[in-house]
Every structure is written in structure tokens, then in C-alpha cells.
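Results of the structural survey
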Amino acid sequence: MSKALDGVRILDFTHVQSGPTCTQLLAWFGADVIKVERAGAGDITREQLRDIPDVDSLYFTMLNHNKRSVTIDTKNPEGKLVLEALIQKCDVLVENFAPGALDRMGFTWERIQELNPRMIVASVKGFGPGPYEDCKVYENVAQCAGGAASTTGFDDGPPVVTGAQIGDSGTGLHLALGIVTALYQRTQTGRGQKVLAAMQDGVLNLCRVKLRDQQRLERTGTMKEYPQYPNGTFGEAVPRAGNASGGGQPGWILKCKGWETDPNAYIYFITQAPVWAKICNVIGKEEWATDPNYATPAARLPHLKDIFAEIERWTMTKTKFEAMQILNKYDIPCGPILSMKEIAEEPSLRKTGTIVEVDHPTRGKYLTVGNPIKLSDSPTEVKRSPLLGEHTDEVMAELGYSPEQINALRTAGAI
Ligand code: COA
């Protein structure tokens, strides 16, 4: 079966997490992704957080499926020529080096355009143009600079970063969208263009609702769905909202049966307005459905703490899965707090290909997250990540190099 991005060739100059997330998605959609790595060393994540000695780490294998790996020393003059040949053959160059690294290598936008005017050059950087544009950035820096950390956690505690890699994987996703959009525009213009996804911008985009709240706070001095209301105080900036729901339907995380020993025996419970009467019935507080102090969303806002405490008295009598089953019967929105262990073992996620078992020649079998985006005409087949330089000869031959030339370049340390 054909794939959505069949025929698209990606020169993948990415490393660590943000860039590899992007090119892995493009590979899953059918692009031929040629990952260029430093000879002898490769992407630094190959050796980071290793669980098996001398074997590519899960960090690397889980971010580099369906790619080919070639090793080129791009600072070697002959290596540069190989890279030039690749630039001429590919549609997109994706990179997430520190600012200026590609220029220092001699591959400025102008030079790349000379070599291939159709080339799309896509970059992840920590920051866009401005005071921090030259900074190196990792995930948590982006979470802090993009507004996520100041709005995450509890009011009486410090800022908190989230486990979701919104700075790295989040920005990789943004970049992938920029790339396919630029590819589409190229079908009309015939020209390449630069695509930039800054991690601060990507995180801020995902924190859009918090900038909404900043302006609401400035206008009205309060936000009634925040746990600070009605007894706490609001300062000048959006406060941390604990587990309050980001939208207009109040929610909170509540204990379930077993919480004393199981750190994940919790459920997220949303007191959605249309099902309020059903919630009252389920928890045995039928009178709240008609009591003017509780009957409307506005009347409930000053009592949210008490309301959730009462609901929790009920959820603590059920496991999170029992509570889910009962609440779902009444269309009451809720969600179990699932541990990574539970997710890894969930059969439905295996069935859809969201969790996939992959076999690797040196690692053996491991679990990975498959393509979260499902296309009906372009199914994803998750293939293992490449070993370092596994495809150097194959790709060099496709570029027109003879076995003798390949050997000579290898002897010269260019590949
Ligand atoms: N052959 C020869 N040299 C190579 C090479 C190759 N195949 N591939 C990379 N290099 C060199 C580069 O030319 C550069 O050298 P230079 O500093 O002399 O110009 C160097 O390796 C790459 O460096 P850099 O990107 O600075 O790596 P780092 O490990 O010091 O920093 C980051 C890592 C992630 C902090 C940095 O790359 C960065 O800020 N990237 C942008 C933001 C980002 O994506 N962050 C999230 C990462 S998940």
C-alpha cells in the first residue's frame, strides 16, 4: 500500500529528542529519512540512559524508527562533498543543532539554496529571534520559558515541569506540520523555504489557555474556576491551578479505593454541567440537584472544594476502574490516572498500534509508542531504528559512489 509521503526524501540532521520526533513522524508517513550522524559517535542519545551495555538506548531506539543511518564527518572537506550530494538529492533538511552550527559547517541557507533551490530547511531552535536566540535549550528550559512551569503545580509550591515532553516532542510535532505545509506550498511555487519551530513558541502555543487567563485576570481580578477562588488571593500573574480543569467545566483529581498504597489509585472527575443531576444521584446527594446553592454552575463555583470532597467520599469506595464503569454509564466525564505499567499492558493500545513491540538485532524486543496519528490510506508500520552507519554504503551507492570511492572516503575518515 502506498504511503502519504512516498517519494519525499529527508536529510535528517537531527539529534536528541525534538528533531528526531519530527523526522520519525515523517518516516511513519512514508518519507525516506536519511539520518546523518557523526562518524564513530552518532546521536548522543544512542549512549544516554542505557539499560543494556553497548546497545543503543531506548531513548534512541524509541525516537528513530523507520530511518536509515549514514555516518559522515561534515567538517571533513570530502565529507562536505558527500553532504552536498545529499542536499541535491533530498527535499527537506531537518536540523536541531545549536544556533549557528549549520552555518559554521558551511551550510548557510544561501549555500543550500545554491545547491538545491527546492530544498526546505526546517529547524528547531530553543528561542526565536530575540534576546535568547543564541541559547542552547533542552526540554525543561522550554517548559519554563514557554509558560508551562509557572502555571503548573500547586499554589503553595514551586513551579513544576510536566512529564509530557511538550518542549521537545511538542515542538517536533509543530515542525512536522510546518514541513508538510512547506512541501504543499512548493507544489505551487517550486521553491523551498525555511521552517522554524522555536521550543518556547511551541510550549506557549500549548499554554494558549493560560494567556487567555492572564487577560481575564487583568480585566476582572479573579477567576472563579481556579482553586484560589473564593478564599485565596490572586496576584498579577496567572497562578498555578493544581489539578483544576483548564476549561469551563470544573474538574479535580480524586482518591479511589487503594490510594493509601497505590500512588495511582486516583480518578479525574469533571462536574460537567449537563450531567449535574446524575452526579448528585450517583454520589447520593440528590438534594443538590435542586438546592439553589448547588443547582447551577455559577452557584457551585464558591463550593467546589466541598463538592469535590463529597464526590471523593464516593470515589474512595470504588477502584478507579469501578468508578469509571459506573460514571460512564451516566455519561459523566472522568478518566483513570493510568500508570505507565498499566498503559504498557493495555490490550486496546496494542491493537491500534499505539503501543508496539519492536524487535531489534542487538537489544531484542522492546515496547515503543507507535504513530499516534492514524491515516486510513497510509498505515504505519513501525520498523526498528538503524544501527550507527548501517546504511552508509547503501545511501552512498544511491548517490552514485562506487565501492572503491566509498572505501577511499572511509579511509580518509570522511564517512
Ligand atoms: N560531523 C561533524 N560534526 C558534526 C556532525 C557531523 N556529522 N554533526 C554535528 N556536528 C557538530 C556540529 O557542527 C556542531 O559543532 P560546532 O559547535 O563546532 O559548530 C556540533 O556537532 C553540534 O553541536 P550542538 O548542536 O551544539 O550540540 P550540543 O550537544 O552541544 O547541544 C542542544 C545540544 C540540544 C542543546 C543543541 O543542539 C540545541 O540547543 N539545539 C536546538 C534546540 C533543541 O533542539 N533542543 C532540544 C533537544 S531535544
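Quick notes on the rules
Residues numbered from 1 in each chain as written. Predicted model: local features only at pLDDT ≥ 70, side-chain atom pairs only at ≥ 80, totals over all residues. Heavy atoms only, no water. Axes fitted to C-alpha atoms, helices over the stretch in contact; angles between N-to-C directions. Helix = DSSP H or I, 4+ residues; strand = E, 2+ residues; numbered from the N terminus. Parallel < 35°, antiparallel > 145°, perpendicular 65-115°, else oblique. Contact = heavy atoms within 4.5 Å. Nonpolar A, V, L, I, M, F, W, Y, C, P; charged D, E, K, R; others polar. Salt bridge = Lys/Arg side-chain N within 4 Å of Asp/Glu carboxyl O. Buried < 20%, exposed > 50% of the residue type's maximum accessible area, 1.4 Å probe, protein only. UniProt positions renumbered as here; feature names shortened; annotations may be inferred. Pairing = 2+ DSSP bridges. Near = heavy atom within 4 Å. Polar contact = N/O pair within 3.5 Å; in protein donor to acceptor, adjacent residues only side chain to side chain. Areas by Shrake-Rupley, 256 points an atom, 1.4 Å probe, with all protein chains shown as cover. Left-handed = near helix turned anticlockwise from the far one by under 90°.

**Some words on the packing of helix H10 (residues 276–283) against helix H12 (residues 304–315)**
Running from amino to carboxyl end, H10 crosses H12 at an angle of 50°, the nearest separation of the two axes being 9 Å. Taken together, H10 and H12 sit at an angle that is classed as oblique. Contact residues: H10 offers Trp276, Ile279, Val282 and Ile283, while H12 offers Ile307, Glu310, Ile311 and Trp314. A breakdown of the residues in the contact of H10 with H12 according to their chemical character gives seven nonpolar, no polar and one charged.

**Thoughts on the pattern of salt bridges**
A side chain with one charge can pair with a side chain of the opposite charge if their charged atoms come near. Applying the stated criterion to the full structure yields 22 salt bridges. Its salt-bridge partner being Arg68, residue Asp32 comes within 2.8 Å of it at the nearest N-O pair. Separated by 36 residues along the polypeptide, Asp32 in strand E2 (residues 32–37) and Arg68 in strand E3 (residues 67–71) bring together distant segments of the chain. We classify Arg68 as buried; its relative accessible area is 12%. Glu95 serves as the salt-bridge partner of Lys125, at 2.8 Å between the closest nitrogen and oxygen. Pair noted here: Lys125 is in strand E5 (residues 120–125) and Glu95 is in strand E4 (residues 92–95), with a separation of 30 residues, a long-range link. Like Lys125, the residue Glu95 is buried in the burial classification. Taken together, the shared-partner salt bridges connect Asp32, Arg68, Glu394 and Glu398 into one network.

**Section: the UniProt feature "binding site: substrate" (unreviewed entry) in the chain**
As recorded in UniProt, the sites labelled "binding site: substrate" (unreviewed entry) are Gly247, Gly248 and Gln249. With a relative accessible area of 32%, Gly247 lands in the partly exposed category. For Gln249, the location among the structural elements is in the loop between helix H9 (208–220) and strand E7 (251–255). Gln249 sits in the partly exposed class, given a relative accessible area of 33%. Beyond its immediate sequence surroundings of up to four residues, Gln249 is in contact with Ile270, Thr271, Gln272 and Ala273.

**Some remarks on the sheet that holds E3**
Taken in spatial order, the six strands line up as E3-E2-E1-E4-E5-E6 in an open sheet, and their pairing is parallel. Among the strands making up the open sheet, the edge pair consists of E3 and strand E6 (194–198). For this sheet, the mean inter-axis angle between neighbouring strands, taken without regard to orientation, is 20°. Here five bridges tie E5 to E6, and the two strands are oriented parallel to one another. Bridging from a neighbouring strand, Ser123 pairs with Leu196 of E6. Contacts from helix H3 (residues 77–89) reach strand E1 (9–13), E2 and E4 within the one sheet, and its direction differs from that of E1 by about 140°.

**Topic: the site of the ligand**
Neighbouring the ligand are 23 residues, the closest being Ile72, Lys75, Ala98, Lys136 and Val137. The backbone of Ile72 places a nitrogen or oxygen atom 2.8 Å from a nitrogen atom of the ligand. Thr74 has a polar backbone atom sitting 3.1 Å from a nitrogen atom of the ligand. Contact with the protein chains covers 85% of the free accessible surface of the ligand, which is 940 Å².

**Focus on the packing of helix H1 (residues 18–28) against helix H7 (residues 169–189)**
Geometrically, a packed helix pair is captured by the angle between its two axes and the distance between the axes. The interhelical angle for the contact between H1 and H7, taken along N-to-C directions, is 45°, at an axis separation of 7 Å. Put simply, H1 runs oblique to H7. Between H1 and H7 lies a crossing of right-handed hand. Facing Ser18, Thr21, Cys22, Leu25 and Leu26 of H1, the residues of H7 in contact are Ser169, Gly172, Leu173, Leu175, Ala176, Ile179 and Val180. In terms of residue class, the contact of H1 with H7 is built from eight nonpolar, four polar and no charged.

**Details of the side chain of Asp91**
Structurally, Asp91 can be placed in the loop between H3 and E4. On the basis of relative accessibility, which here comes to 15%, the residue Asp91 falls in the buried class. A polar contact of 2.8 Å, which involves the side chain of Asp91, links it to the side chain of Arg186. When near neighbours in sequence (up to four residues on either side) are disregarded, Asp91 contacts Gly7, Val8, Arg9, Arg118, Met119, Ile120, Leu183 and Arg186.

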